[in-house]
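Spelled out, the chains give:
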Amino acid sequence: MRQWGLVAGAAATALVAAGAITFAVAGDEGSSDSVPTAGSADAGFARDMAVHHQQAVEMSYIVRDRTDDEEVRRLAYDIAQTQANQRGMLIGWLDLWELPKVSADPPMTWMGMGDTASGEDGALMPGMATHTEMERLGTLDGKRAEVFYLQLMTDHHKGGVHMAQGCVRACEVGVEKRLARGMVEAQESEIALMASMLKERGAAARP
């Protein structure tokens with residue numbers, strides 16, 4: 001169990017470091033003549049993933065207060081720090097490009113999937129937890145909180161991977177495509193890790 005926690009921490013720490021490097025060069029690429037438009041995949045991904053990441057950060061800080069399990073607390077901290085860092089980069093690029101941080105179009109319109117984002121009970125995009133699920137997470141303790149968090153975050157990561165893959169295919173800003181590719185690799189690794197952690201707790205990801 002401790003080994004899995006160390007693997008998760010190392011993976012997230014490496015991604016944060018990579019993100020810091022990416023942010024350092026974003027100004028060079030983002031200030032070129034090919035600044036994205038408000039309706040581009042680059043802008044859409046930045047807006048939507050910033051919202052998606054914010055929920056993951058909130059979810060992770062909730063579970064850190066609901067369990068004493070060091071493995072889960074370490075994973076939650078790593079996810080919160082990594083995704084807060086990346087969220088800052090995405091919002092920073094929108095500022096750099098002088099583009100709005102919100103859009104009148106439904107989420108994921110840039111992927112041609114605007115009709116799939118129901119927004120039902122606060123779940124604005126596939127994989128996101130509902131308001132009811134977030135409230136429930138805040139009422140659980142110990143193992144029950146750990147299992148529910150791992151299940152919610154697995155769904156969340158699957159939705160995030162799908163969106164990041166969309167950016168890898170459609171985004172045109174090189175530094176953003178590289179960030180999206182890193183998200184896919186890191187979150188797929190964490191999905192596998194969380195499957196193992198769920199199994200250790202006699203549970204599994206939700207169907």
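Before reading on, note that the structure itself is shown above.
Predicted model only: the values in this text are computed from it and were never measured.

1. Topic: the state of the cysteines
A covalent bond between the sulfur atoms of two cysteines is what we call a disulfide.
Phase 1 of the analysis: This structure, assessed with the given rule, holds one disulfide.
Phase 2 of the analysis: With a sulfur-sulfur separation of 2.2 Å, Cys167 is cross-linked through a disulfide to Cys171. Taking the torsion about the S-S bond as the criterion, the Cys167 to Cys171 disulfide, at about -120°, is left-handed. Taken as a pair, Cys167 and Cys171 share a single burial class, namely buried.

2. Structural notes on the pattern of salt bridges
Side chains that differ in sign of charge can pair as their charged atoms come close.
Phase 1 of the analysis: In total, this model carries nine salt bridges according to the counting rule given.
Phase 2 of the analysis: Between Arg201 and Asp69 there is a salt bridge, and its shortest N-O distance comes to 3.2 Å. Highlighted residues: Arg201 in the segment after α6 (174–200) and Asp69 in the loop between α2 (41–64) and α3 (70–96), separated in sequence by 132 residues.
Phase 3 of the analysis: Here Arg201 falls in the buried class, since its relative accessible area comes to 8%.
Phase 4 of the analysis: A relative accessible area of 18% means that Asp69 is categorised as buried.
Phase 5 of the analysis: Between Arg201 and Glu146 there is a salt bridge, with its nearest N and O atoms 2.8 Å apart.

3. A word on the side chain of Arg47
Phase 1 of the analysis: One can find Arg47 in helix α2.
Phase 2 of the analysis: For the buried Arg47, no salt bridge exists, and the shortest N-O distance to an oppositely charged side chain is 5.4 Å, to Asp48.
Phase 3 of the analysis: Engagement of the side chain of Arg47 in a polar contact is seen with the backbone oxygen of Ala38, the distance being 3.0 Å.

4. What to know about the nonpolar core
Phase 1 of the analysis: Counting 29 residues, the largest nonpolar core has Phe45, Met49, Leu90, Trp93, Ala164 and Met183 as the members making the most contacts within it.
Phase 2 of the analysis: When residues of this core are traced back to their parent elements, those giving at least two are α2, α3, α5 (142–170) and α6.
Phase 3 of the analysis: At six residues, α6 tops the list of elements feeding residues into this core.
Phase 4 of the analysis: Counting 22 residues, the second-largest nonpolar core is a separate cluster that includes Met59, Leu75, Leu152 and Met197.

5. Brief notes about the packing of aromatic side chains
Phase 1 of the analysis: Applying the stated rule across the entire model yields two aromatic pairs.
Phase 2 of the analysis: Where Phe45 meets Trp110, the ring centres are 5.8 Å apart and the plane angle is 75°; that geometry is what we call edge-to-face. Here the residue Phe45 occupies a position in helix α2, and Trp110 occupies one in the loop between α3 and α4 (131–137), the gap between them amounting to 65 residues. Exposure class is identical for Phe45 and Trp110. Each is buried.

6. Some details on the packing of α2 against α6
Phase 1 of the analysis: Orientation of α2 relative to α6, taken along the N-to-C sense of each, is 35°, at an axis distance of 11 Å. The handedness of the crossing between α2 and α6 is left-handed. Contacts from Asp42, Phe45, Ala46, Met49 and His53 of α2 reach α6 at Glu176, Ala180, Met183 and Gln187.
Phase 2 of the analysis: Of the residues in the contact of α2 with α6, the class split is five nonpolar, two polar and two charged.

Thresholds applied
- Residues numbered from 1 in each chain as written.
- Predicted model: local features only at pLDDT ≥ 70, side-chain atom pairs only at ≥ 80, totals over all residues.
- Heavy atoms only, no water.
- Disulfide = S-S within 2.5 Å.
- Buried < 20%, exposed > 50% of the residue type's maximum accessible area, 1.4 Å probe, protein only.
- Salt bridge = Lys/Arg side-chain N within 4 Å of Asp/Glu carboxyl O.
- Helix = DSSP H or I, 4+ residues; strand = E, 2+ residues; numbered from the N terminus.
- Lys, Arg positive; Asp, Glu negative; His and termini not counted.
- Polar contact = N/O pair within 3.5 Å; in protein donor to acceptor, adjacent residues only side chain to side chain.
- Core = buried A, V, L, I, M, F, W, Y, C linked by side-chain atoms within 4.5 Å.
- Phe/Tyr/Trp six-rings, centres within 6.5 Å; stacked < 30°, edge-to-face > 60°.
- Axes fitted to C-alpha atoms, helices over the stretch in contact; angles between N-to-C directions.
- Left-handed = near helix turned anticlockwise from the far one by under 90°.
- Contact = heavy atoms within 4.5 Å.
- Nonpolar A, V, L, I, M, F, W, Y, C, P; charged D, E, K, R; others polar.

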